Amino acid sequence: MVEQENGIFPAVCPLDCPDTCGLLLHKKDGKIVKVEGNPEHPITQGAICNKVRNMAERIYHPERVLYPLKRSGPKGSGEFVRITWDEAIQEITERYSDLIEQYGPESILPYSFYGNMGVLSVDGMDRRFFNALGSSQLKQTICNSAGSVGWKHTMGFGGGTTPEGIVNADLIIVWGGNIISTNMHQVMLIEKARKSGAKVVVIDVHRNRTAQWADWFIPLYPGTDSALALGIMHILFRERLVNESFMEQYTLGHEELREHVKSYNPERVSRITGIPVEDIEQLAMMYGQAKTSYIQIGNGLQHHDNGGMNVRSIACLPALTGAWLQDGGGATKSNSGYQSMNSDKLERPDLRLNSDTRTINMNQIGEALAMQEQPIKALFVYCSNPVVVAPDSKRVQAGFAREDLYTVVHDLFLTDTARYADLVLPAASSFESTDLFGSYWHQYIQLQEPVISPLGESKSNVQLFSLLGRAMGMDEEAFSQSEESMIEEALNYPSNPYLNGVTLEALQTQRFVKLDMTPQQFYLEQLSTPSGKIELYSNALEQAGLPPMPEYVPLKEGYDGERRPTREDNYPLMFISPPNHNFLNSTFSNVAKLQKMEQQEPVLQIHPQDAEALGISDGEHVEAFNDRGSYELKASVTDKMLPGTVISQGLWWDKDGRTRRANVLTPDRLADMGEGATFFSATVQVRRK
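Residues numbered from 1 in each chain as written. Predicted model: local features only at pLDDT ≥ 70, side-chain atom pairs only at ≥ 80, totals over all residues. Heavy atoms only, no water.

Peer 1: Break down the environment of His410 for me, citing the residues and quoting the values.
Peer 2: Its place among the elements puts His410 in strand S16 (residues 406–411). Looking at His410, the relative accessible area reads 2%, which means it is buried. Spatially, the C-alpha atoms of His410 and Pro426 are 5.9 Å apart, while their sequence positions differ by 16 residues. Discounting chain neighbours no more than four positions away, the residues touching His410 are Phe380, Val381, Tyr382, Cys383, Leu425, Pro426, Ala427, Lys459, Ser460, Asn461 and Leu464. Side-chain polar atoms of His410 contact the side chain of Asn461, separated by 2.9 Å. (Helix = DSSP H or I, 4+ residues; strand = E, 2+ residues; numbered from the N terminus. Buried < 20%, exposed > 50% of the residue type's maximum accessible area, 1.4 Å probe, protein only. Contact = heavy atoms within 4.5 Å. Polar contact = N/O pair within 3.5 Å; in protein donor to acceptor, adjacent residues only side chain to side chain.)

Set out below in structure tokens:
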């Protein structure tokens, strides 16, 4: 494909998005001139989002880094000079060798996430390199960790309802997810169900695009989702809308739960959540009486102090009604468990000599960079932009500004993070690389092969870490393996029967291959909880010091309908910072066309009652602030949320000396489960600028 100057070629969207779309790239004179969806993909069927439609503008962006750069000015200044790859590799190997000799290998820390979802890019050669190096390990818990653990304590296996079945549901609840912006093909499937009479209910803190599209939007106070789930359970038991035989056969603890939820009567739940009693009653009756009910559990509600319990509580609901027995019924948090690959072959943990290497939580990178004992002396950042994305970002920036911290960033752009680097290495885009892609929503594995040659001197993660591994004298075989050989080994994993028939040869022929979903028919008999059943009562949680049954635990930082701000509260507003429609985290936030679609600057949505109390008018510039930092943005007075909550969508890069980072306001506390992020458990005050 690289050699052909003109034509249309298959590709895969690499973004951290559930849809993992099949694409077609149009080339003219060797350059990508158009990106469109592949109509032959069984799930994405040719439809793509506006972000990906503008992917070529990002690939050929005039500010793309094309050559290795070495810092020539103060950290953060963005002043660099061009060097050669040989010079860059030599400098890294010499610096790392010196640091290992002086401070030990754990003084070096990789920092990465899923800016590129290619398996080889972020779970392959990079892991081998840092395993062989013996560096500190990164606990990657910034996204879905809390909810995944909450789901696991209830359901065990990391999989739920598959997409194709959703069209059979007659009640669809989207709980805490803006799927029009983040999972558009789910919307397409739901629309099919809607045409057959299904009703769509959205439960969220914000009347976002998805809530506006729904048949019924139910707003609630942030972090009170588990209370609502428990209130629904109360009514289901009270009205005898539960499936007794299903609970008897497939659950553990249903009798204890029946007693437990008696305290969550609709009046109490209404006080906590801000939802009227009659709406709670109606929602529960709709759910209990539906023939085939489906719940899509979103990402946002797990980013709270009680995020794991929020997801666990919602995950219990299908077990009460037996919704799992119906095609398209049940729930989905993530379907990543179906596509588990041979991680030992990919990551080569056997190369790590010290099995007790310390682990740093990525949510607390600011705190970690301030450690005086066993300090981190070097960072290697790739597929992530932590100065913008990590919580408590003012503290993160201070850590990156340390003169004694040697930082290498591998990226396509001089991001806010890259501006603090000592070396910036040019990264190849996914369309310039070979990689393997799964999906944490649909059941298709896809192959990406290069469509264009790497721009400038950019290199893929596989190429970069292979080069570094060989330069540092590491295992020759491990760091000389081809991408094709790595893919073959990753897919050769008999422990996961869903991978049956998914091979490199099949992918090279078909580009996307469906998992063998035959084992799913035994889903309820193969749950990986300790009891093998859906655990409404969890002994494992009890042993961990957490409530064994679903429970509402108020936020450490925040309010609900029972605990409202007082005069003693300096920060009386809950601050929520969900994604916007045209960026994906901080990706695309430097694309002018997409910035324009997001009003050119960040906006703070504030309720008319709160705006009036603070003397704030629509359109004027304001400052949201707390003890962690301050954030300047434009006010938008709207009733899209309950009073007491302010919303700022999207992660923006700094510009013209202005801090435009929502995460200066967010805490780096860890959630109740999975050491997850608590972005949305933040309180602020707002004033006119």
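Peer 1: Give me the lowdown on the side chain of Glu623, citing residues and values where you can.
Peer 2: In this fold, Glu623 is placed in strand S24 (residues 621–626). In this structure the side chain of Glu623 is engaged in a polar contact, spanning 3.1 Å, whose partner is the side chain of Ser630. In contact with Glu623, other than residues within four places in its own chain, are Ser630, Tyr631, Gln685, Val686, Arg687 and Lys689.

Peer 1: Kindly report on empty space enclosed by the protein, identifying the contributing residues and their values.
Peer 2: Across all of its chains, the model carries one cavity of 30 Å³ or more by this definition. Of the volumes computed, that of the largest cavity is approximately 50 Å³. Around the largest cavity, the lining residues are Pro10, Ala11, Val12, Gly22, Leu23, Asn38, Gln446, Leu447, Arg511 and Phe512. Only strand S1 (7–12), strand S2 (22–28) and strand S19 (444–448) provide two or more residues apiece to the lining of the largest cavity. In terms of residues, the lining of the largest cavity owes the most to one element, S1, which gives three residues. In terms of residue class, the lining of the largest cavity is built from six nonpolar, three polar and one charged. (1 Å grid on protein atoms, 1.4 Å probe; cavity = no way out; pocket = protein on both sides within 12 Å on 5 of 7 lines; lining within 4 Å. Points joined across faces, edges and corners; volume = space filled by probe spheres on them. Nonpolar A, V, L, I, M, F, W, Y, C, P; charged D, E, K, R; others polar.)

Peer 1: Describe the sheet that holds strand S17 (residues 423–426), and please don't skip the residues or the numbers.
Peer 2: Across a sheet, paired strands are connected by hydrogen bonds in the backbone, their directions being either parallel or antiparallel. Ordered in space as S5-S4-S17-S16-S15-S6, the six strands form an open sheet in which the pairing is mixed. The outermost strands of the open sheet, each flanked by one partner alone, are strand S5 (80–82) and strand S6 (108–112). Mean inter-strand twist for the sheet, computed between neighbouring axes without regard to direction, equals 20 degrees. As paired strands, S16 and S17 are joined by four bridges and run parallel to one another. Along S17, the bridge assignment pairs His410 with Leu425. Contacting strand S4 (69–71), S6, strand S15 (378–382), S16 and S17, helix H3 (residues 85–103) crosses the sheet at an angle of about 130 degrees to S17. (Pairing = 2+ DSSP bridges. Axes fitted to C-alpha atoms, helices over the stretch in contact; angles between N-to-C directions.)

Peer 1: So what about the side chain of Thr161? Which residues, and what values?
Peer 2: For Thr161, the location among the structural elements is in the loop between helix H6 (145–155) and strand S8 (171–175). Given the relative accessible area of 7%, Thr161 is considered buried. One polar contact links the side chain of Thr161 to the main-chain carbonyl oxygen of Gly329, over a distance of 2.9 Å. Aside from chain neighbours lying at most four places away, what touches Thr161 is Tyr294, Trp324, Gly328, Gly329, Gly330, Ala331, Thr332 and Asn335.

Peer 1: Requested: an account of the nonpolar core, with residues and values cited.
Peer 2: Residues Trp175 and Phe380 are the most contacted members of the largest nonpolar core, which totals 192 residues. A total of nine residues in this core trace back to one element, the largest contributor, which is helix H10 (residues 225–238). Ignoring sequence-local partners within four residues, the contact set of Phe380 consists of Ile92, Tyr96, Leu109, Pro110, Tyr111, Phe130, Val408, His410, Leu425, Leu464, Phe465 and Leu468. By size, the runner-up hydrophobic cluster in this structure holds 16 residues, among which are Val174, Ile179, Ile190 and Ala211. (Core = buried A, V, L, I, M, F, W, Y, C linked by side-chain atoms within 4.5 Å.)

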